[in-house]
Amino acid sequence: MPLTEVGTSDDLLTELSGWVKIETPTTDAAAVNRLMDIAEAELASAGAAITRIPGRDGFGDSVIARTAASRTATSRTGGDGKPIVVAGHLDTVWSHGTIERMPYVVDGARAHGPGIYDMKAGSFLAFHVVRSILRQRVATPRPIVLLLTPDEEVGSPTSRWLIEREAALAAAVLIPEPAGPGGACVTARKGVGRFVMKVEGRGSHAGGAFEDGASAVVELSHQIIGLHRMVDTERGITLNTAPVWGGSRPNVIAPDAGCEIDLRVASAEDGEAMQARLLGLTAKTPGCRVTVEGGMNRPPYSETPAISALYERARHIARQVGLELPKQQRGGGSDGNFSAALGVPTLDGLGCPGAGAHASHEHILWQDLARRAALLAGLLETLGLD
């Protein structure tokens, strides 16, 4: 059993509710930083060494909180000094005012609220466990690096370098993204690519000069059908086109159109091949021109023997604290994709179970908060004792 006292689920929910009521849309740096301020102050008062990385490009700051390993425990790790990195994000997909129409409310075993499942509950658990370890002066075999970032929901454009820098120095990375069905953690994820397709046509009067035009909308329709034909679910390749736009008026042959493309792949090789294929697309309609911009923004995260061993350690601890811990592979990406692609053992989905990520019924099963905190504490207390 973990040595760290993590408190009761009721106590954890009370503090977590304050985080949920602070709205933190990715696009509002000041809003995200308000929650960063709270986390930073609490961790600093508990004794963490804090580094704050100023935000850029309209995104919020990142906070790094570091602990030290005990001298006795460090000698048992071979003295390599590599930390355990725990990485979570504080931004959510929800815009300001969502809390008014989708309020924080507890309904039996479910606690509802914007961003509570994805992923304020998980980031709060990581924060709470590290703070508890510091306050209680619990010895850990390895130093702990808690990394809180502001932009995961849009692909981590300003924090990826930081995640990869810290992960490259780590013995393992733990990601408190939401748990899956039955409390499942995550041992693999698909890679993610994002692209924008733009079509240039030739505008003309739809009645008086129909043959002079070249419809960008018609060309885009051909392209979307072609994209759908690239889907290969057996290989784990999927493409989705949305949003879609084009044209201006019914009596005008559309001079422009376009769409965004979401690509998911199960292997790095497929990611490279699909990226080249998409960037090389050309027009099928005379008089039109097609351009595609973008690329892979999250590499695939594959289960390795080291990840399997990390999962077995977590499953053993989970049983000690009264949890079953199945595992799953997910189509959605996370910051765990970055660390896993570096070859660092990464275990994801260590947050709270629930459902409704990015949806109006978003909720957690709050009575599991204390046990999920104990699981994370147990990992931090034992990784490195082998």
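One can find the structure itself at the top, above this paragraph.
Residues numbered from 1 in each chain as written. Predicted model: local features only at pLDDT ≥ 70, side-chain atom pairs only at ≥ 80, totals over all residues. Heavy atoms only, no water.

Turning next to the overall build of the chain. Secondary structure assignment for the chain yields 11 helices and 18 strands. Its C-alpha radius of gyration of 23 Å places the chain within 12% of the 21 Å reference for a compact globule of 386 residues. Along the first, second and third principal axes, the C-alpha set of the chain runs to 85 × 45 × 35 Å. Within the chain, the fraction of its 386 residues that count as buried is 53%. Contacts in the chain between residues at least 24 apart in sequence constitute 80% of all its contacts with a sequence separation of at least 6. Looking at the chain as shown, the accessible area adds up to about 16400 Å², and 52% of this sits on carbon and sulfur atoms. When the 37 positive and 44 negative side-chain charges of the chain are each reduced to one mean point, those points stand 3 Å apart. (Helix = DSSP H or I, 4+ residues; strand = E, 2+ residues; numbered from the N terminus. Rg over C-alpha atoms; globule rule 2.2 N^0.38 Å. Buried < 20%, exposed > 50% of the residue type's maximum accessible area, 1.4 Å probe, protein only. Contact = heavy atoms within 4.5 Å. Areas by Shrake-Rupley, 256 points an atom, 1.4 Å probe, with all protein chains shown as cover. Lys, Arg positive; Asp, Glu negative; His and termini not counted. Charge placed at Lys NZ, Arg CZ, Asp CG, Glu CD.)

The next thing to look at is the environment of glutamate 293. The topology assignment puts glutamate 293 in strand 14 (residues 289-298). Sequence spacing of glutamate 293 and methionine 197 is 96 residues, and the spatial spacing of their C-alpha atoms is 6.6 Å. Those residues within four positions of glutamate 293 in sequence are excluded, and the remaining contacts are Arg194, Phe195, Val196 and Leu279.

What follows covers the sheet that holds strand 4 (residues 105-107). Strand pairing in a sheet relies on backbone hydrogen bonds, with the paired strands running either antiparallel or parallel. In spatial order, the strands read 4-5-18-17; together these 4 strands make up an open sheet with antiparallel pairing. In the strand order of this sheet, the two ends are held by strand 4 and strand 17 (354-355), each with one partner. Both strand 17 and strand 18 (residues 363-365) contribute to a ladder of 2 bridges, which runs antiparallel. Note on strand 18: the bridge partner recorded for glycine 354 is isoleucine 364. (Pairing = 2+ DSSP bridges.)

Moving on, we get to the sheet that holds strand 11 (residues 238-246). The strand order 11-13-9-14 describes an open sheet built from 4 strands, whose pairing is antiparallel. This sheet does not close on itself; its edge strands, each paired only once, are strand 11 and strand 14. When strand polarity is set aside, the average angle formed by the axes of neighbouring strands in this sheet is 15°. As paired strands, strand 9 (residues 191-200) and strand 14 are joined by 9 bridges and run antiparallel to one another. Across the sheet, residue methionine 197 finds its bridge partner in strand 14, namely valine 292. (Axes fitted to C-alpha atoms, helices over the stretch in contact; angles between N-to-C directions.)

Tallied over the full model, the rule gives 3 aromatic pairs. Between phenylalanine 124 and phenylalanine 127, the aromatic rings sit 5.9 Å apart at their centres with planes inclined by 45°, giving tilted as the arrangement. Pair noted here: phenylalanine 124 and phenylalanine 127 are both in helix 5 (residues 116-136), with a separation of 3 residues, about one helical turn. Residue class for phenylalanine 124 comes out buried when judged on its relative accessible area of 0%. What makes phenylalanine 127 buried here is its relative accessible area of 0%. (Phe/Tyr/Trp six-rings, centres within 6.5 Å; stacked < 30°, edge-to-face > 60°.)

By the definition in use, this model includes 0 disulfides. Cysteine cysteine 288 shares no disulfide, and the gap to the nearest cysteine sulfur, in cysteine 259, comes to 14 Å. The thiol of cysteine 352 is not disulfide-bonded; the next cysteine sulfur, from cysteine 185, is found 14 Å away. Overall, the relative accessible area of 2% leaves cysteine 352 in the buried class. (Disulfide = S-S within 2.5 Å.)

Here we take up the pattern of salt bridges. Scanning the model with the defined rule gives 21 salt bridges in all. A salt bridge links glutamate 40 to arginine 52, with the shortest nitrogen-to-oxygen separation between them at 2.6 Å. In this pair, glutamate 40 is assigned in helix 2 (residues 29-46) and arginine 52 in strand 1 (residues 49-53), connecting sequence segments 12 residues apart. A salt bridge links arginine 315 to glutamate 312; the nearest nitrogen and oxygen atoms lie 2.9 Å apart. (Salt bridge = Lys/Arg side-chain N within 4 Å of Asp/Glu carboxyl O.)

Quick look at helix 7 (residues 216-229) now. Taking 1.5 Å of rise per residue, the 14 residues of helix 7 would be expected to cover 20 Å, and the 20 Å separating its terminal C-alpha atoms lies within 8% of that figure. By the burial criterion, the buried members of helix 7 are Ala216, Glu219, Leu220, Gln223 and Leu227. One side of helix 7 holds all its buried residues, which, seen down the axis, span an arc of 100°. Facing away from the buried side of helix 7 by more than 90 degrees, the exposed set consists of His228 and Arg229. Buried positions along helix 7 lie against strand 9, strand 11, strand 13 (256-265), helix 8 (268-279) and strand 14. A distance of 3.2 Å separates the backbone nitrogen of valine 217 from a side-chain oxygen at the start of helix 7, and that oxygen is part of serine 215. (Expected span 1.5 Å × (residues − 1). Arc of directions from axis to C-beta. Polar contact = N/O pair within 3.5 Å; in protein donor to acceptor, adjacent residues only side chain to side chain.)

Leu16, Leu146, Leu174, Ile364, Leu369, Leu375 and Leu380 are the most contacted members of the largest nonpolar core, which has 62 residues in total. At 11 residues, helix 5 tops the list of elements feeding residues into this core. Here leucine 16 is in contact with Ile116, Lys120, Ala121, Phe124, Ile364 and Leu369, once residues within four sequence places are set aside. Counting 21 residues, the second-largest nonpolar core is a separate cluster that includes Phe195, Ala214, Leu227 and Met230. (Core = buried A, V, L, I, M, F, W, Y, C linked by side-chain atoms within 4.5 Å.)

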